[in-house]
Amino acid sequence: MAFLHSFTGQAIAAVALAHALLLPLLTGGWISAFAYGLAALGLSSAAVAVVGRHMARSVAELRAALARFGASRNPTKPFADTQSTGLDGLHHGLDKMYRRVARREKRLKAAYKAAELENAASRILAKQLTRSQRIARIGSWEWERASNGVACSGEVFRILGVNPAQFSLRPTALRRLVHEDDRRAFGRWLVQLARGNVSEGLDVRILGQDGELRHVHVLGEALLGATGSVSGLVGTIQDATERTRAIQQIHRLAYFDVVTELPNRSRFHEKLAETLEIAKRDGTSFAIMFLDLDQFKRINDTLGHAVGDDLLRVIAQRLTRGLRPDDIAGLTHAKAMEPHVCRHGGDEFIVLLNGVTTEEEAARAATRLLAILAQPMVLATHEVFISASIGIVLYPRDGEDLDTLLKNADVAMYHAKAQGRSRFFFYKESMRAASAQQLSIEHDLRKALEGEQFELYYQPQIEILTGKIVGVEALIRWNHPTLGMLGPAHFIGVAEEAGLIMGIWEWVLVAALIQHNAWLAQGLPKITIAVNLSSVQFSDPALAERVEEIARVVGVPLDYLEFEVTESMLLVDSDAALKTLTALRAMGVKIAIDDFGTGYSSLSYLRRLPLDKLKLDQSFIRDAGNEGDVAITRAIIAMAHSLKLAVVAEGVETQAQIDLLLSLGCTTVQGFLLGRPLPAAATASLLRDSATNAESPVAHRSDTSWTNILQAKPAAVVEAKRNDDTSNVASPR
């Protein structure tokens, strides 16, 4: 095909065509050979001329095109050979054009490659930007005023929780996603931006199509057109859900108790200050209840802190839900009564009764709370009972500022605790003096041990039929430098609350053992010395080791030492009690149950625990003629005898009580009738007389005597009792 389009091909084709036209004439005889030659030459020349002219025109046009191409690239320097004639010039021009096209192609390829690289970099940058937005949880958006359309990055859809295929990117659709409480603020923010004003970011809540509530932070600015008018808005939206939750968590940690989720002391004091300000302004009243759980430490120590925390949570729920205005304030202004509860710290709670004006209303609230707290609580596998002591103050009667009100409520609460717990008291000015005295006693107690201000008194335990002292109970006395001789009721409770009881108890034990050695050195008979254990000592897992160490240092055997424990101490953790008592018994220490019958008396723990003695509480024999008490006393004594336990009746003060105990089979007593607590020297004299003359302990008393007591029953009865006791009652070890 290329040959046919060339000049040679077209010339040959023209000559061939001329001969083809004349040849039939020659063969038909129409023309001679000479005419054929001339005609063929003429036609061939004409055809070649036409082809040449056409070719020359094409060459001229090509030359002109080359000139235009050269001029288009560089008008001042066209192709040098395009002005020459002939095919050589055309050849040179075409060669120039080829080289220039080649250079242009090379530059285009280089530009294309650079564009490809730039495009790839742009794609990488776009991916990085998308990834960065996803990591930072921030998306970009743009609103065009003319089209009222919104363009945004893919991260915006994820932040908003919407499906891009199902969501219309219009301002109205976006506004519907905003929480209804935040829509007005969001609309005002957009208006400020649309007016060209600079506006700070805004935090709004978003409710996405998935139903999840999100917190977002939006930023934006106006886009200005050529005329300076606002043509649209552009900005970012950031997912602030985690940040908001972190801020809320920090706020909760700062103002709310972690365990109970109640307002803590700081937050509640703000509420109290606000309530006080309103009350002063409006002339209204309110009440504050300071509540402290009774024996909460014992629950923590025995059941563990996890159960203790569960208990605090249940208490918080009961305090919060239990104060119904209708039940407390009455129907007259029930709606005005507004209770608020906080955990003040530890096992202390404060209840604000806003709107309570009288003691009657506050008492109704306190009574209801005590009843609610008294209900049993099941925590894990444990059924727990708890009570509380409540102190109450009224504004403005009991103080005009928060510090005074809270201090007075605290004083009233401690007064309630001192009066037996599980009760409430209103603040009275006299309580402050009592509280100050208690603080003074606590202060003096800390000096009492160092100053050797304590002294032991001993009360005998006497066998009625023989008049023999079979044991003594060591009772502490405090020879206070200004208040005189104080009994344990005046300071033991304070010592327990102040954490001083361990030191005092160790002093009692050491003093009693030293005194035992001193009596033996004086040639007095060996008798059992009883020392009381408090719940603090008994809950100490190292009690047995501590007692053994003290006995080793003092240098005394433990066969004549007796510890008195109460039923309540044994029931807190029976397994731990069994372990402790077994360890003590293995060392030779005797165990007696004190005040038996006042707690949850049970044959079960009496049978399981290693016990030696049962001390019958004085409440059962106080009224010797009460048939109910007599029946209970008879059952207790019979139960003790069946378990081979010695029985000692406490608080014996009358002849009628002696007669009753003898008739029921109890022959060992302790009480003021036969022997009051005496100092060590007087007790030594009593022991000496008891060893030489059985009737001497009461021979010098004017109100009665051993002879009178023994003669109160016929001799045959006394003898029968003696024989019966010898055969049925286990003697103390």
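Residues numbered from 1 in each chain as written. Predicted model: local features only at pLDDT ≥ 70, side-chain atom pairs only at ≥ 80, totals over all residues. Heavy atoms only, no water.

Attention now moves to the packing of helix α10 (residues 296-303) against helix α11 (residues 305-322). Where α10 contacts α11, the two axes come as close as 6 Å, and the packing angle between them is 140°. In terms of orientation, α10 and α11 fall into the oblique class. Between α10 and α11, the residues in contact are Phe296, Ile299, Asn300 and Leu303 and His305, Val307, Gly308, Leu311 and Leu312, respectively. Its residues assigned to classes, the contact of α10 with α11 comprises 6 nonpolar, 3 polar and no charged. (Axes fitted to C-alpha atoms, helices over the stretch in contact; angles between N-to-C directions. Helix = DSSP H or I, 4+ residues; strand = E, 2+ residues; numbered from the N terminus. Parallel < 35°, antiparallel > 145°, perpendicular 65-115°, else oblique. Contact = heavy atoms within 4.5 Å. Nonpolar A, V, L, I, M, F, W, Y, C, P; charged D, E, K, R; others polar.)

In total, this model carries 22 salt bridges according to the counting rule given. Put simply, aspartate 239 and arginine 158 hold a salt bridge, and the shortest N to O gap is 3.9 Å. Of this pair, aspartate 239 sits in strand β5 (residues 230-239) while arginine 158 sits in helix α5 (residues 154-160); the two residues are 81 residues apart in sequence, bridging distant segments of the chain. Look at aspartate 239 and you get buried, because its relative accessible area is 15%. Lysine 615 is the partner of glutamate 473 in a salt bridge, and the nearest nitrogen-oxygen pair spans 3.1 Å. Separated by 142 residues along the polypeptide, glutamate 473 in strand β14 (residues 468-480) and lysine 615 in strand β19 (residues 613-616) bring together distant segments of the chain. (Salt bridge = Lys/Arg side-chain N within 4 Å of Asp/Glu carboxyl O. Buried < 20%, exposed > 50% of the residue type's maximum accessible area, 1.4 Å probe, protein only.)

Here we take up α10. Residues three or four positions apart in an α-helix share a direction because the helix packs 3.6 residues into each turn. Inspection of α10 places Phe296, Ile299 and Asn300 among the buried residues, and these make up the whole buried set. Relative to the axis of α10, the buried residues are bounded by an arc of 100° and lie together on one face. Looking at the buried positions of α10, the neighbouring elements they touch are β6 (286-293), α11 and β10 (382-384). Within two residues after α10, glycine 304 carries a phi angle of roughly 100°, on the positive side. (Arc of directions from axis to C-beta.)

Another point: helix α19 (residues 543-554). In this model α19 runs 17 Å from its N-terminal to its C-terminal C-alpha over 12 residues, within 8% of the 16 Å that 1.5 Å per residue would give. By the burial criterion, the buried members of α19 are Leu543, Ala544, Val547, Ile550 and Ala551. Looking straight down α19, one finds that the buried residues subtend no more than 130° of arc, so they occupy a single side. Turned more than 90 degrees away from the buried face of α19 sit Arg552 and Val553, all of them exposed. Where the residues of α19 are buried, they touch α17 (501-521), α18 (535-538), β17 (561-566) and α21 (574-586). (Expected span 1.5 Å × (residues − 1).)

Time to look at the packing of aromatic side chains. Taken as a whole and assessed by the stated rule, the structure comprises 9 aromatic pairs. Ring centres of phenylalanine 454 and phenylalanine 491 lie 5.9 Å apart, and the angle between their planes is 35°; on these two criteria the pair is classed as tilted. With phenylalanine 454 in strand β13 (residues 454-463) and phenylalanine 491 in the loop between β15 (484-486) and α16 (492-498), this pair connects stretches of sequence that are 37 residues apart. Neither phenylalanine 454 nor phenylalanine 491 differs from the other in exposure class; each is buried. What links up through ring pairs into an aromatic cluster is the set Phe454, Trp478, Phe491 and Trp507. For arginine 676, the ring lying beneath its charged end belongs to phenylalanine 672, and the centroid distance is 4.2 Å. (Phe/Tyr/Trp six-rings, centres within 6.5 Å; stacked < 30°, edge-to-face > 60°. Lys NZ or Arg CZ within 6 Å of the ring centre and 35° of its normal.)

Along the chain, tyrosine 395 connects to proline 396 via a cis peptide bond; the corresponding omega equals 5°. Tracing the sequence through the fold places proline 396 in the loop between β11 (388-395) and α14 (402-418).

Moving on, we get to the sheet that holds strand β4 (residues 213-224). Two pairing modes exist for strands in a sheet, parallel and antiparallel, and in both the strands are linked by backbone hydrogen bonds. An order of β2-β1-β5-β4-β3 is seen for the 5 strands of this open sheet, with the pairing classed as antiparallel. Because the sheet does not close on itself, it has two edges, and the strands there are β2 (149-152) and β3 (202-207). Adjacent strand axes in the sheet meet at a mean angle of 30°, parallel and antiparallel pairs treated alike. Bridge analysis of strand β1 (residues 138-144) against β2 gives 4 bridges, and the strand direction is antiparallel. Its bridge partner being in β2, glutamate 144 is matched across the sheet by glycine 149. The sheet contacts of helix α7 (residues 183-194) involve β1, β3, β4 and β5, and relative to β4 the element is tilted by about 15°. Where helix α8 (residues 241-255) meets the sheet, it contacts β3, β4 and β5, and its direction lies at approximately 125° from that of β4. (Pairing = 2+ DSSP bridges.)

Another point: the pairing of β1. Along any regular strand, the residues point their side chains to alternate faces of the sheet. Of the two faces of β1, only the one carrying Gly139, Trp141 and Trp143 is buried; Ile138, Ser140, Glu142 and Glu144 on the other face are not. As judged from the 7 bridges shared by β1 and β5, these two strands associate in the antiparallel manner. Bridge pairing links serine 140 to threonine 236 in β5.

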